[in-house]
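Commentary on secondary and tertiary structure
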Amino acid sequence: MQNVKALTVLMVLALAACEPAAPELGPDGKPLPQLYKIGAKDAEVIPQRVLEAMNSLRAVRGTAPVALNPALSQAAAAHSRDMAAQNRPWHWGSDGSSPLDRASRAGFVGKLLGENISETYETETETLSAWMGLTDTRDVILNPAATQMGFGWYQEPSGKIWWTMVTGQ
């Protein structure tokens, strides 16, 4: 009989250990965010994930898809790093450059149409979703004239991520 009780206690403890831990809650009662650390594998697939998500959003509106453009992505990555160095999210470079200047410097020969920026701890898809929630940034994503897209980021050691998306044709 004692063996049965001991076995029952061990089974209950084993099952309790399998139960996922409850997330830590913040003062608002919502789960605290988990740090999103971009690793080498993530870095390889992030631009493609954003492109696919963006093109899905565009398809819902009947808008043609965009393609990733390496020059625009280079300009976006450079601006993300520069925003981090300045510690402020804005569209002007520390050297006074505009989005047009940066795209041209990176070798983009088309017409630049728009730029979205973000300073956050959120993932790229959460950031894209946040941009869709605002008229001006949503218009950059859904602009029917856009045929090209560049996407870049810089992650600080603290985990803060500076995201930049640029569109052109």
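Parameters and conventions
- Residues numbered from 1 in each chain as written.
- Predicted model: local features only at pLDDT ≥ 70, side-chain atom pairs only at ≥ 80, totals over all residues.
- Heavy atoms only, no water.
- Salt bridge = Lys/Arg side-chain N within 4 Å of Asp/Glu carboxyl O.
- Helix = DSSP H or I, 4+ residues; strand = E, 2+ residues; numbered from the N terminus.
- Buried < 20%, exposed > 50% of the residue type's maximum accessible area, 1.4 Å probe, protein only.
- pLDDT = per-residue confidence, 0-100.
- Contact = heavy atoms within 4.5 Å.

1. What about the pattern of salt bridges?
In the structure shown here, the tally under the stated rule is 4 salt bridges. Ionic pairing is found between E115 and R102, a salt bridge with its closest N-O pair at 2.9 Å. Of this pair, E115 sits in strand β2 (residues 112-120) while R102 sits in helix α4 (residues 99-105), and the two are 13 residues apart along the sequence. R102 carries the same exposure label as E115, and that label is buried. Salt-bridge contacts for K160 lead to E119; the nearest nitrogen and oxygen are separated by 2.8 Å. You can see K160 sitting in the loop between β3 (148-155) and β4 (161-168) and its partner E119 sitting in strand β2, a full 41 residues away along the chain. You can call K160 buried: its relative accessible area is 14%.

2. Description of the confidence of the model for the protein
On average, residues of the protein score 88 in pLDDT, and 84% of them reach the 70 mark or higher. For the protein, per-element mean pLDDT is lowest for helix α1 (residues 2-18), which scores 48, and highest for strand β1 (residues 67-68), which scores 98. Contacts from residues 6-17, a stretch scored under 50 in pLDDT, to residues over four places away or in other chains number 0 contacts.

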